[in-house]
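Structure at a glance
As a plain string of letters, each chain reads:
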Amino acid sequence: MVVAAAFVDFKKAFDSVSHDILLKKLNCEFGVNGSLLDLIRNYLSGRQQFTVLNGVKSDLLPVSMGIPQGSVLGPTLFVLFTNDLPRSVPSGSVYMYADDTTIYCVGETADLVIDQLNKALREFYIWCLNNRLTPHPSKSEVILFSKRAPMGPIAPVYLGNSVLSLVTKTKLLGLIVDQKLTWVANVLETKKSFAKKLDLLKCSRFLPRAILKDFYFKVILPAVKYGLVLWGSCGNSDLFKSIERLHCRAARIIYNLPKDMASEDVLRHVQWPTFLMYYKLDILRLFYRAHSESLPDIMYENIGRKRVSAYFTRDHNCLLVPRYESRYMKDSVSYRGASLWNFVIYNDKEASVTLNFNQLRKRVSSEDYFIDFKFECTSASAIRCRQHSLYIIDHCVHLTFKFVNLF
């Protein structure tokens, strides 16, 4: 299948919200009335603004539109204002995170999905006109997700009277998504950013070791690990190993270890988990939530389905593993996560009854079977729980948008 996706940006999204339309939607769609509606009206109205240029202030002017930014209510009011946007675009699927909007269509050929996407964008543009929000064509992009390059020229995609640029990769909520979902571009960017952060860490070596560790584990590492459950499945193993080497370099900087010390010895000396261990734990956390049915419904439909068995056996806590016909599917989150969870259940029958994930994480982190687990190998329990033709994952692209929004 081919997926055409448009990543749309608004011009001054928060500053362009009409107070009248917002208050009307709050009243008609959400039942907000009486003193609460008056409170929100009072919160939005009566504000003024001015500009400072070369130390000179302009006159105060009233603010007749927009939602105050930097407040708790700001994003909430904007989400309520755009709540009817997805159902106003019946020709396509819409995912939103605040003002970041993704519209996509799925079909058998590039021509079909481009035609469908143009219909969806016309509906989207009509909604924008009715709600007085202005899309930003020059900052909006289109990608064709396909395992094969489309044949022939691609028809233009319009947003209003403007033609959107067709790109091979784009940034979606902090992750770089490419047209084949290989995650190579994202890992390369992560590697580049990781190296720059380590240069900053190196320049701060005069600080005490405890502060350097806190800076690494509380500032640098969380930024690098962002979206790891997705881009960790990058088919280029050398790129992932380069991230692992940078993780070891951080240990050398903080503990002042020799450069020629082997990476395994470095991590063993400082007693740090490997980056691969972080990746496996992140996937395990996601599928622990799937097993406990605490994921959003729209994600639970695609991952974490339990194996149905008429008998109470060890396998009754296993998850269904999607079938795969290519390395592309075997590297997906849905396959890797279910396989890892089943492998843990197969080796530790009490893992599924652990009270919380922190206890499970501590339990498996010290087990050799979990440390040595490799996604290239399929466990016996995963094979037994392999899904049949009754339920197959439709499109990895659908999962991508849902997981990115989760992060």
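Definitions and cut-offs
Residues numbered from 1 in each chain as written. Predicted model: local features only at pLDDT ≥ 70, side-chain atom pairs only at ≥ 80, totals over all residues. Heavy atoms only, no water. 1 Å grid on protein atoms, 1.4 Å probe; cavity = no way out; pocket = protein on both sides within 12 Å on 5 of 7 lines; lining within 4 Å. Points joined across faces, edges and corners; volume = space filled by probe spheres on them. Helix = DSSP H or I, 4+ residues; strand = E, 2+ residues; numbered from the N terminus. Axes fitted to C-alpha atoms, helices over the stretch in contact; angles between N-to-C directions. Parallel < 35°, antiparallel > 145°, perpendicular 65-115°, else oblique. Left-handed = near helix turned anticlockwise from the far one by under 90°. Contact = heavy atoms within 4.5 Å. Nonpolar A, V, L, I, M, F, W, Y, C, P; charged D, E, K, R; others polar. Buried < 20%, exposed > 50% of the residue type's maximum accessible area, 1.4 Å probe, protein only.

What follows concerns the layout of surface pockets. Approximately 1100 Å³ is the volume attributed to the largest pocket. In this structure, the largest pocket is lined by 37 residues; those nearest its centre are Phe240, Glu244, Thr274, Leu276 and Met277. Looking at the lining of the largest pocket, the elements with two or more residues in it are helix H8 (237-255), helix H9 (263-270), helix H10 (275-291) and helix H14 (357-365). With eight residues, the single largest contributor to the lining of the largest pocket is H10.

Next up on the list: the packing of helix H1 (residues 19-28) against helix H2 (residues 34-44). Here H1 crosses H2 at 165 degrees, and the two axes come no closer than 11 Å. Here H1 lies roughly antiparallel to H2, going by the angle between them. For H1 against H2, the interelement crossing comes out right-handed. Each of His19, Leu22, Leu23, Leu26 and Asn27 in H1 lies in contact with H2, whose residues at this interface are Leu37, Ile40, Arg41 and Leu44. Considering only residue class, the contact of H1 with H2 consists of six nonpolar, two polar and one charged.

The next point concerns unusual backbone geometry. In this model, Lys12 sits at a positive phi of 45 degrees, which is unusual for a non-glycine residue. If you trace the backbone, Lys12 turns up in the loop between strand E1 (2-8) and H1. Phi is positive for Ala98, which is not a glycine, with a value near 55 degrees. Of the residues examined, Ala98 reaches a relative accessible area of 27% and is grouped as partly exposed.

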